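Fold and contact review
In case you want the letters, here they are:
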Amino acid sequence: MASSTSGRLAELKRKMETRDARVGIVGMGYVGLPLALLFSGERFRVTGFDIAEDKVATLNAGGSYIVRISPASIQEAQKAGFSVTSDYSQIAQMDAVIICVPTPLNEHHEPDLSYVVGTVQSIAPHMHDGQLIILESTTYPGTTEEVVVPILESGNPSGLRVARAAEESGLHVVFSPEREDPGNDTVARHDIPKVVGGCGLAAADLASALYGAIFRRVVRVGSPSVAEMTKLLENIYRCVNIALVNELKQLCMRMDIDIHEVIDAAKTKPFGFQPFYPGPGLGGHCIPIDPFYLSWKAREFDFRTRFIELAGEINTAMPYFVLDNITAALNQREKSLKSAKILVLGLAYKRDIDDLRESPSLTIIELLRAKGAIVAYNDPFFPTVGRGRHYDLNMQCTPLDNLAQYDAVVIVTDHSSYDFPAIVQQAQLVVDTRNATKGIDSPKIVRC
Ligand SMILES: NC(=O)c1ccc[n+]([C@@H]2O[C@H](COP(=O)([O-])OP(=O)(O)OC[C@H]3O[C@@H](n4cnc5c(N)ncnc54)[C@H](O)[C@@H]3O)[C@@H](O)[C@H]2O)c1
């Protein structure tokens, strides 16, 4: 029994290494779709799974709904066998299944694992012996063992168990965090080392063989929990350091010191310092959300994650700080915020990406409107903005012309397509939350 299992494992590992393994990726979003293309680019036959029928149809028609992914790259992948489906019975044909579905917070600021649970419940009935299942969604330590494994074991009709020992048959389960930084082209995706934590040695072996085919380096850790915690440490590190510079920015403004000049000088130190930059508040699916997955889990251990909570407090207050600065700048010009015409530049949560999840722009627009301002926005990535989980704006993008009509132009996202000198020249007042106007000397600029 053990020798036939080890033969099967060796065969599966060989299929991973020779790219003959079939890879299923669940969740064709910002993480799953680029990952599918990466595997396709390395000659793996990839099947994408998504419950959103419009995404399935767009991808199967050779189209794309993510700006930085071209339809040509989807069509290229199709030539290598890439197709997308909402039919979970096809999971049975996969050698490896990688789960990349959302892990947001619910309205009580607690982990919402419903997408992960829903996905695992859907795939469990189609699992077969020897299959590799990898969770990539960011989550709290313990999720793979406490949530994923029990559903897989209770939900498959053949009574398969998760393999723990090196030569045991069953399901091979792994957590491997996605570490991508959208819009950051300085590091190629395959150069970002892939952290892998398996429920058993065989699982870690198989996942290392699979990821080793596309990533230059695979970092094995002792358990899924270590891999889950690794991802959270990375994001908490960013969250806390961004909060630190956001707080110091406010102090520097009172002291009439340019925080950006300070950071530029500090980062010349060749060791022991990594620069983080202040801004209008956190955005995106990761940094504003993931740390609270750990805070929530910590409560089970009667532990308070004070750094995370303090950082959250400072970062979530930043849009209010921006609002105060817009109000003060208008006041200086003997204008009130009520009825002021304000143009917000940039909806995306950061430069040059088409993602507005948790974007501080949305909060700033809502705060401005609540104070009676007449708000317009411009963002080359969003012709319109409607309703989301936490906002209801219903607005259309305004062309970037006739800027003198606005009482203030507020730079919230510093897209590289914006011509900031021209914007300053035309506007009456520019409130800059990103240091986008660095080097431009004008009394019209208020930096905050
Ligand atoms: N976006 C990033 O930059 C980034 C970076 C690192 C980690 N992550 C993590 O990766 C995970 C995915 O994030 P994302 O940004 O790709 O999310 P996303 O919302 O862009 O995509 C998720 C996709 O999953 C699909 N989906 C939801 N439930 C499903 C189900 N039951 N079956 C099949 N498909 C389903 C959705 O339709 C959507 O297409 C999250 O845990 C996130 O925290 C994201």
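Anything mentioned here points back to the structure above.
To start, this report covers the structure provided alongside it. Not measured: the values here are computed from a predicted model.

With that settled, consider the overall build of the protein. Regarding its fold elements, the protein presents 14 helices and 15 strands. For 448 residues, the compact-globule estimate of 2.2 N^0.38 gives 22 Å, and the protein sits close to it at 24 Å. Overall size of the protein, expressed as C-alpha extent along the three principal axes, is 85 × 50 × 40 Å. Per-residue burial for the protein yields a buried fraction of 52% across its 448 residues. By sequence separation, contacts in the protein at least 24 residues apart represent 68% of the contacts at least 6 residues apart. Approximately 20,200 Å² of the protein is accessible, and the part contributed by carbon and sulfur atoms is 53%. The averaged location of the 53 negative side-chain charges in the protein is 2 Å from the averaged location of its 44 positive side-chain charges.

Now for helix α5 (residues 114–123). Of the residues making up α5, those classed as buried are Val-116, Thr-119, Val-120 and Ile-123. One side of α5 holds all its buried residues, which, seen down the axis, span an arc of 95°.

For the rest of this paragraph, the subject is unusual backbone geometry. Phi is positive for Ser-339, which is not a glycine, with a value near 75°. By the element assignment, Ser-339 lies in the loop between α12 (318–332) and β9 (341–345). One non-glycine residue, Asn-435, adopts positive backbone phi at about 60°. Looking at the element boundaries, Asn-435 is found in the loop between β14 (430–432) and β15 (445–447).

By secondary structure assignment, the location of Gly-170 is in the loop between α6 (143–155) and β6 (172–175). On the basis of relative accessibility, which here comes to 2%, the residue Gly-170 falls in the buried class. Sequence spacing of Gly-170 and Thr-437 is 267 residues, and the spatial spacing of their C-alpha atoms is 58 Å. Excluding residues within four positions of it along the chain, Gly-170 makes contact with Asp-129, Gly-130, Gln-131, Leu-160, Arg-161 and Ala-163.

What follows deals with the pairing of β6. A regular strand carries its side chains on alternate faces of the sheet. Side chains of β6 alternate between two faces, with His-172 and Val-174 and Val-173 and Phe-175 buried alike. In the sheet, strand β5 (residues 132–135) pairs with β6 via four bridges, with the strands oriented parallel. Along β6, the bridge assignment pairs Leu-132 with His-172. With α6 bridging β5 and its parallel neighbour β6, the resulting β-α-β unit is right-handed. Direction of pairing for β6 relative to strand β7 (residues 194–198): antiparallel, over a ladder of two bridges. Within β7, the residue paired with Phe-175 across the bridge is Gly-197.

What follows is about empty space enclosed by the protein. Rolled over the atoms, a probe as big as a water molecule pinpoints where empty space is left. Scanning the entire structure with this criterion turns up one cavity of 30 Å³ or more. A volume near 50 Å³ is recorded for the largest cavity. Surrounding the largest cavity, Pro-177, Glu-178, Arg-179, Glu-180, Arg-189, Ile-192, Pro-193, Lys-194 and Phe-215 form its lining. Broken down by class, the residue content of the lining of the largest cavity amounts to four nonpolar, no polar and five charged.

To continue, consider the packing of helix α8 (residues 224–255) against α12. Closest axis-to-axis distance for the α8/α12 pair is 11 Å, and the angle between their directions is 20°. The pairing of α8 with α12 is recorded here as roughly parallel in orientation. In terms of crossing hand, the pair formed by α8 and α12 is left-handed. When α8 is examined against α12, the residues Asn-246, Lys-249, Gln-250 and Met-253 are found in contact with a partner set consisting of Met-318, Phe-321 and Asn-325. Looking at the contact of α8 with α12 residue by residue, the class counts come to three nonpolar, three polar and one charged.

Burial within β9 is extensive, with four of its five residues counted as buried. Since β9 and strand β10 (residues 374–378) lie parallel, the crossover through helix α13 (residues 360–370) that links them has a hand, and here it is right-handed. Relative to strand β13 (residues 408–411), β9 is paired through four bridges, and the arrangement is parallel. Counterpart to Leu-345 in the pairing with β13 is Ile-411.

Below, the discussion takes up the site of the ligand. Around the ligand, a shell composed of 27 residues is seen, among which Asp-50, Lys-55, Tyr-88, Thr-103 and Arg-357 lie nearest. In the model, an oxygen atom of the ligand is placed 2.9 Å from a nitrogen or oxygen of the Val-31 main chain. Here an oxygen atom of the ligand sits 2.8 Å away from a polar atom, N or O, in the side chain of Arg-357. Surface burial for the ligand is 93%, taken as the share of its 830 Å² of free accessible area covered by protein chains. In the shell around the ligand, the residues fall into 14 nonpolar, seven polar and six charged.

Note on soluble globular proteins: their nonpolar side chains tend to be buried together. Counting residues in each nonpolar core, the largest one holds 40 residues, and the members touching the most others are Ile-25, Phe-39, Ile-98 and Leu-210. Taken together, the elements giving at least two residues each to this core come down to α1 (2–17), β1 (22–26), α2 (32–41), α3 (53–60), α4 (71–79), β4 (96–99), β5 and α7 (201–212). With eight residues, α7 is the single largest residue contributor to this core. Discounting residues that sit within four places of it in the chain, Leu-210 has contacts with Met-16, Val-23, Phe-39, Phe-44, Ala-96, Ile-98, Leu-132 and Ile-134.

What follows covers the layout of surface pockets. Roughly 320 Å³ of internal volume is contained in the second largest pocket. Going through the elements one at a time, α8, α9 (259–266) and β15 are the ones with two or more residues in the lining of the second largest pocket. Considered class by class, the residues forming the lining of the second largest pocket number six nonpolar, three polar and six charged.

About the thresholds
Residues numbered from 1 in each chain as written. Predicted model: local features only at pLDDT ≥ 70, side-chain atom pairs only at ≥ 80, totals over all residues. Heavy atoms only, no water. Helix = DSSP H or I, 4+ residues; strand = E, 2+ residues; numbered from the N terminus. Rg over C-alpha atoms; globule rule 2.2 N^0.38 Å. Buried < 20%, exposed > 50% of the residue type's maximum accessible area, 1.4 Å probe, protein only. Contact = heavy atoms within 4.5 Å. Areas by Shrake-Rupley, 256 points an atom, 1.4 Å probe, with all protein chains shown as cover. Lys, Arg positive; Asp, Glu negative; His and termini not counted. Charge placed at Lys NZ, Arg CZ, Asp CG, Glu CD. Arc of directions from axis to C-beta. Pairing = 2+ DSSP bridges. Right-handed = clockwise from strand over helix to strand, strands pointing away. 1 Å grid on protein atoms, 1.4 Å probe; cavity = no way out; pocket = protein on both sides within 12 Å on 5 of 7 lines; lining within 4 Å. Points joined across faces, edges and corners; volume = space filled by probe spheres on them. Nonpolar A, V, L, I, M, F, W, Y, C, P; charged D, E, K, R; others polar. Axes fitted to C-alpha atoms, helices over the stretch in contact; angles between N-to-C directions. Parallel < 35°, antiparallel > 145°, perpendicular 65-115°, else oblique. Left-handed = near helix turned anticlockwise from the far one by under 90°. Near = heavy atom within 4 Å. Polar contact = N/O pair within 3.5 Å; in protein donor to acceptor, adjacent residues only side chain to side chain. Core = buried A, V, L, I, M, F, W, Y, C linked by side-chain atoms within 4.5 Å.

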